[in-house]
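Next come the chains, spelled out residue by residue.
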Amino acid sequence: MTDSDPQEFSEAYNRTLGLLSRRDHSAMELRRKLSSRGYGDDLVEQVLEQLESRGLQSDELFARNYVQSRRGRGFGPVKIAAELRQHGIDRQLLSDLIDERDRGWLLECQRLMERKFSRATGAVDRKEKLRRSRFLLQRGFPPSMVSRLLDGSSHDDFEFDE
């Protein structure tokens, strides 16, 4: 199974299982955590290979759950993609999971804006538009989506940049 000390492998493997029992982790996160505990690179790779072969760790599953969680908390595709890149998720997997042209993102953006600014009354002036725009951009929605939404484009005539 491994070229390393079986006891050290078992210890690293069990430590990783403990981490995974609390929440999903990307392979990069696990690699970093095990390395910081003093485990060698070869041992870390063996542990990660074993976990993946047993279906206990998957970057794809981690990324899917992460997207679902963050989207449900009102974050947009730009922010989620940036966060996943920091977790070591490759660009191909990101493009498979996050499509900014998905009309669902527009609906999420609009719902978030309505929830956040529902108490605002009267006409929306330039200053208020900028405030709303900053909020939505910080939440990770694409600038083109934010500006079109704030300009009053309806869902039907909303076209996504290719």
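For the structure itself, consult the block above.
Parameters at a glance
- Sequence order as written defines residue numbering, which begins from 1 separately in each chain.
- With the structure being a predicted model, the display of local features is reserved for residues of pLDDT at least 70 and the display and counting of side-chain atom pairs for 80 or more, all residues being used for whole-chain, interface and lining totals.
- Note that the side-chain values use all heavy atoms of the structure and ignore hydrogens as well as water.
- Each salt bridge in this description consists of a side-chain nitrogen of Lys or Arg and a carboxyl oxygen of Asp or Glu lying within 4 Å of one another.
- The way it works is that DSSP assigns letters per residue, a run of H or I at least four long becomes a helix, a run of E at least two long becomes a strand, and they are numbered from the N terminus.
- Each residue is assigned to one of three classes by its accessible area relative to the maximum for its type, calculated with a 1.4 Å probe on protein chains only: buried under 20%, partly exposed between the two thresholds, exposed over 50%.
- By definition in these notes, contact holds between two residues if any of their heavy atoms fall within 4.5 Å.
- Where helices are involved, their axes are fitted lines through C-alpha atoms of the stretch in contact, as for all axes, and angles between N-to-C directions lie from 0 to 180°.
- Crossing handedness is read from the near helix: turned anticlockwise from the far helix by less than a right angle, it gives a left-handed crossing, and turned clockwise, a right-handed one.
- Ten residue types, Ala, Val, Leu, Ile, Met, Phe, Trp, Tyr, Cys and Pro, are classed as nonpolar, four, Asp, Glu, Lys and Arg, as charged, and the remainder, Gly among them, as polar.
- Put simply, two rings from Phe, Tyr or Trp (the six-membered ring, in Trp's case) pair if the centres are within 6.5 Å, and we call them stacked under 30 degrees between planes, edge-to-face over 60, tilted for the rest.
- In this scheme, the term charge over a ring applies when either NZ of a lysine or CZ of an arginine sits within 6 Å of the ring centre and within 35 degrees of the ring normal.
- Residues belong to one nonpolar core when they are buried, are Ala, Val, Leu, Ile, Met, Phe, Trp, Tyr or Cys, and are joined through side-chain atoms within 4.5 Å.

Draft legend 1. Spatial organisation of the pattern of salt bridges. Inspection of the entire model under this criterion finds ten salt bridges. Arginine 71 is the partner of aspartate 102 in a salt bridge, and the nearest nitrogen-oxygen pair spans 3.7 Å. In this pair, aspartate 102 sits in the loop between α6 (91-97) and α7 (103-116) while arginine 71 sits in helix α4 (residues 59-72), placing the two residues 31 residues apart along the sequence. Between arginine 111 and glutamate 108 there is a salt bridge, with its nearest N and O atoms 3.5 Å apart. Of this pair, arginine 111 and glutamate 108 both sit in helix α7, separated by three residues, roughly a single helical turn. Take arginine 111: its relative accessible area is 45%, and that puts it in the partly exposed class. Through salt bridges with shared partners, a single network forms among Arg71, Asp102, Glu108 and Arg111.

Draft legend 2. Molecular detail of the environment of cysteine 109. Relative to the helices and strands, cysteine 109 resides in helix α7. It is 9.1 Å that separates the C-alpha atoms of cysteine 109 and arginine 139, two residues lying 30 residues apart in sequence. Aside from chain neighbours lying at most four places away, what touches cysteine 109 is Leu136, Phe141, Met145 and Leu149.

Draft legend 3. How the structure looks around the packing of helix α8 (residues 126-138) against helix α9 (residues 143-150). α9 packs onto α8 with a crossing angle of 145 degrees between their chain directions and a minimal axis gap of 10 Å. As α8 packs across α9, the resulting crossing turns out to be right-handed. On the side of α8, the interface is formed by Lys129, Arg132, Ser133, Leu136 and Leu137, while α9 contributes Pro143, Val146 and Leu150. Grouping the constituent residues of the contact of α8 with α9 by class yields five nonpolar, one polar and two charged.

Draft legend 4. Molecular detail of the packing of aromatic side chains. Under the defined criterion, the tally for this structure stands at three aromatic pairs. With 5.9 Å between their ring centres and 20 degrees between their planes, phenylalanine 9 and tyrosine 13 make a pair best called stacked. In this pair, phenylalanine 9 and tyrosine 13 are both assigned in helix α1 (residues 6-22), four residues apart and thus about one turn of the helix distant. Ring geometry for phenylalanine 117 and phenylalanine 135: centres 5.7 Å apart, planes at 90 degrees, overall edge-to-face. Within this pair, whereas phenylalanine 117 is found in the loop between α7 and α8, its partner phenylalanine 135 is found in helix α8, the two being separated by 18 residues in sequence. Among the residues examined, phenylalanine 117 registers a relative accessible area of 6% and is labelled buried. Against the face of tryptophan 105 rests arginine 71, its NZ or CZ located 3.8 Å from the ring centre. Directly above the ring of phenylalanine 75 sits arginine 139, whose terminal nitrogen or CZ lies 4.1 Å from the centroid.

Draft legend 5. Structural detail: the nonpolar core. Core analysis: the largest hydrophobic core is formed by 26 residues, its most contacted members being Ile80, Leu84, Ile89, Ile98, Leu136 and Phe141. Listing elements by their share of this core, those giving two or more residues are α4, α5 (77-86), α6, α7, α8 and α9. Per-element accounting of this core gives the leading share, five residues, to α7. Sequence-distant contacts of leucine 136, that is, excluding residues within four places in its chain, are made with Cys109, Leu112, Met113, Phe141 and Val146. Within the second largest apolar cluster, 13 residues are counted, among which are Leu20, Leu30, Leu34 and Val47.

Draft legend 6. Fine view of the side chain of serine 26. Mapped onto the elements, serine 26 comes out in the loop between α1 and α2 (27-36). Judged by its relative accessible area of 0%, serine 26 falls in the buried class. Setting aside its immediate chain neighbours within four residues, serine 26 contacts Gln57, Asp59, Phe62, His87 and Ile89.

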